[in-house]
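# Architecture at a glance
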Amino acid sequence: MKMERWQQVLLALVSLLVIFISVKQYSTSKASDTCTHYNNYIIFKNSPSHLSQGTNLYQGYEKEHYDVFKYTPTFALLFSPFLSVPDIIGLSAWNLLNALVWLFALFRLQRQSNRFFIFGLVIGVLELYIAVLNSQSNALIAGLLMWSYIYLEQEDFSRASLFIWLTTAIKLFGIVFFAMFLFYKGWHKKGIAYAILWGFILFVIPTVIVSFKTLFWQYGNYFDLLKADQSTFLKYSFLGWLQAWFSWEPNRTLVVLFALFFQFGLNIYKSMNRQENTKILMAASWLLWMVIFNHMSESATFIIAVTGVVIWWEYSKTSIKMKLFLIVPIILFTCLGPSDIYPKAWRMVIVSDLQLKVFPCILIYAALLWELISQPLIKKGVDIEISA
């Protein structure tokens, strides 16, 4: 992939920003602290040792870090390379991996003019800043899911399956992206075969250092942790918005299941009746869905939803006036709501009390659904092309 000049400049700026954040977070933390400014990275880094030692990955390790590990044993194993490097190098490398996988995927998805696309990318970078600041994995998830779409466009079911399973090894909700397979010929043969193959490999790979018995025990602990999460308070989500605006707390499971069935049903319907841009807009809707209907979404999770917003900005046929009307709240509240441009007291009101971190994403998700539903029924549309 030959990069344009503006892409090279943006790549350099993003890389420098990520390294600056990493160095700052490291240098402002004390080695004796159990809650450093890069606490998530410490959780990730310590997980391979806990896995190999056969201790419960999902218990608290208060002397090492704050909070608990909330990812699969596979992710713990895959983080092993970071064990042998100093934190300053490992943290920078981890944050760069997240940012660059995400950025290069968006470069590959560009369709419209540079100026139009760069505006969308800048919005994405605003949200990327929050994800990197928290040394989180969500930019990597968003990037891998976009790459899975890119490879689906090339009918490369092997790499598409691998990337989706890698996101699922981090956070389970990535598995819903397999619904995108329905748009492509051969999904019921090659697609299913590769999905099973890579799913099996990534599930059993921790057995290179632990027994199957220990692996199943760790997964039991993992699902116990997920069950416990269901009973905790609501964060930034559709459910949190309902509670904040209308004091309504419907059954969480029923709301998520209804939203999933609706989204999956729309996915099936659009896979049979396709028009130009249908597939990429459907992919964007899944990215938004994963965050909006996750009642435990945190501020750093929103890079996934905002990636869907960037794709919507690039590919939607909505009028530019409507796009601007919907994108301004994304900038003001979703991206900048937790930032220092607002007084501290305002930030809590904007992000949490009024749920304005998630509300603009809900609006764009609704607009995206309407656009998909209202498209004419064209069984053989003009599909977008992605350069090799």
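Residues numbered from 1 in each chain as written. Predicted model: local features only at pLDDT ≥ 70, side-chain atom pairs only at ≥ 80, totals over all residues. Heavy atoms only, no water.

Across its full length, the protein holds 16 helices and zero strands. Scaling as 2.2 N^0.38, a compact globule of 388 residues should have a C-alpha radius of gyration of about 21 Å, and the protein matches this with 21 Å. In terms of overall dimensions, the protein has a C-alpha envelope of 60 × 55 × 50 Å along the principal axes. A burial count over the protein gives 56% of its 388 residues as buried. Look at the contacts in the protein between residues 6 or more apart in sequence, and 76% of them connect residues 24 or more apart. (Helix = DSSP H or I, 4+ residues; strand = E, 2+ residues; numbered from the N terminus. Rg over C-alpha atoms; globule rule 2.2 N^0.38 Å. Buried < 20%, exposed > 50% of the residue type's maximum accessible area, 1.4 Å probe, protein only. Contact = heavy atoms within 4.5 Å.)

This part is about the packing of aromatic side chains. What the rule picks out here adds up to 43 aromatic pairs. Arranged with centres 4.4 Å apart and planes meeting at 25°, the rings of Phe-79 and Phe-82 form a pair that is stacked. Each member of the pair, Phe-79 as well as Phe-82, carries the same accessibility label: buried. (Phe/Tyr/Trp six-rings, centres within 6.5 Å; stacked < 30°, edge-to-face > 60°.)

Okay, helix α15 (residues 344–353) next. By the burial criterion, the buried members of α15 are Arg-347, Ile-350 and Val-351. The arc that holds every buried residue of α15, seen down its axis, measures 80°, which confines them to one face. What points out from α15, more than 90 degrees from its buried face, is the exposed set Ala-345 and Met-348. Buried-residue contacts for α15 involve α14 (320–335). Downstream of α15 by one or two residues, Gln-355 has phi in the positive range, about 55°. (Arc of directions from axis to C-beta.)

Glancing now at the pattern of salt bridges. Per the counting criterion, the structure on display carries seven salt bridges. Linking Asp-156 and Arg-159 is a salt bridge whose minimum nitrogen-to-oxygen distance equals 2.7 Å. Given the relative accessible area of 17%, Asp-156 is considered buried. Ionic pairing is found between Arg-347 and Asp-340, a salt bridge with its closest N-O pair at 3.3 Å. (Salt bridge = Lys/Arg side-chain N within 4 Å of Asp/Glu carboxyl O.)

Within the secondary structure, Asn-98 is located in helix α4 (residues 87–108). We classify Asn-98 as buried; its relative accessible area is 1%. From its side chain, Asn-98 meets the backbone oxygen of Trp-94 in a polar contact 2.9 Å long. With residues near it in sequence (within four places) discarded, Asn-98 still touches Gln-136, Ser-137, Asn-138, Ala-139 and Leu-140. (Polar contact = N/O pair within 3.5 Å; in protein donor to acceptor, adjacent residues only side chain to side chain.)

Before going further, it helps to spend a moment on the packing of α4 against helix α5 (residues 114–133). Two elements in contact, α4 and α5, have axes separated by 11 Å at closest approach and are oriented at 160°. Judged on the interaxial angle alone, α5 and α4 are roughly antiparallel. α4 and α5 meet at a crossing whose hand is right-handed. Of the residues in α5, those touching α4 at Asn-95, Ala-99, Trp-102, Leu-103, Leu-106 and Phe-107 are Phe-117, Leu-121, Gly-124, Val-125, Leu-128 and Val-132. (Axes fitted to C-alpha atoms, helices over the stretch in contact; angles between N-to-C directions. Parallel < 35°, antiparallel > 145°, perpendicular 65-115°, else oblique. Left-handed = near helix turned anticlockwise from the far one by under 90°.)

So, about the environment of Val-23. Considering the arrangement of structural elements, one finds Val-23 in helix α1 (residues 5–27). For Val-23, a relative accessible area of 37% translates into the label partly exposed. Put simply, Val-23 and Asp-87 are 64 residues apart on the chain and 9.8 Å apart in space, counted from C-alpha to C-alpha.

Attention shifts here to the confidence of the model for the protein. Mean pLDDT over the protein: 91, with 94% of residues reaching 70 or higher. A low-confidence stretch, residues 381–385 stays under pLDDT 50, and its non-local contacts, those more than four residues away or across chains, total 12 contacts. (pLDDT = per-residue confidence, 0-100.)

Another point: unusual backbone geometry. Its identity as a non-glycine residue notwithstanding, Glu-155 has a phi of 55°, on the positive side. Under the relative-accessibility criterion, Glu-155 is labelled partly exposed at 48%. Unusually for a residue other than glycine, Gln-355 sits at a positive phi of about 55°. Mapped onto the secondary structure, Gln-355 falls in the loop between α15 and α16 (359–374).

Our focus in this paragraph is a nonpolar patch on the surface. Taken together, Trp-245, Phe-246, Trp-248, Val-349 and Leu-354 make up a surface patch of nonpolar side chains, about 520 Å² in accessible area. Looking at where Val-349 falls in the secondary structure, it is placed in helix α15. (Patch = residues over 30% accessible without salt bridge, like charges linked within 9 Å, V, L, I, M, F, W, Y side chains within 5 Å. Areas by Shrake-Rupley, 256 points an atom, 1.4 Å probe, with all protein chains shown as cover.)

All right, on to the environment of Ile-175 then. Mapped onto the secondary structure, Ile-175 falls in the loop between α7 (157–170) and α8 (187–204). Sequence separation between Ile-175 and Leu-100 is 75 residues; the distance between their C-alpha atoms is 22 Å. Excluding anything up to four places from it in sequence, Ile-175 contacts Ile-164, Trp-165 and Thr-168.

Turning our attention to the side chain of Ser-299. Residue placement: Ser-299 occurs in the loop between α12 (278–292) and α13 (302–315). Apart from the residues lying within four places of it in its own chain, the contact partners of Ser-299 are Glu-127, Ile-130, Tyr-236, Pro-338 and Lys-357.

The subject of this paragraph is the packing of α12 against α16. Relative orientation of the contacting elements α12 and α16 amounts to 145°, with a least axis distance of 10 Å. Crossing angle aside, the handedness with which α12 passes α16 is left-handed. Across from Thr-278, Leu-281, Met-282, Ala-284, Ser-285, Leu-288, Trp-289 and Ile-292 in α12, the residues of α16 making contact are Cys-361, Ile-362, Ile-364, Tyr-365, Leu-368, Glu-371 and Leu-372. A class-by-class count of the residues in the contact of α12 with α16 yields 12 nonpolar, two polar and one charged. (Nonpolar A, V, L, I, M, F, W, Y, C, P; charged D, E, K, R; others polar.)

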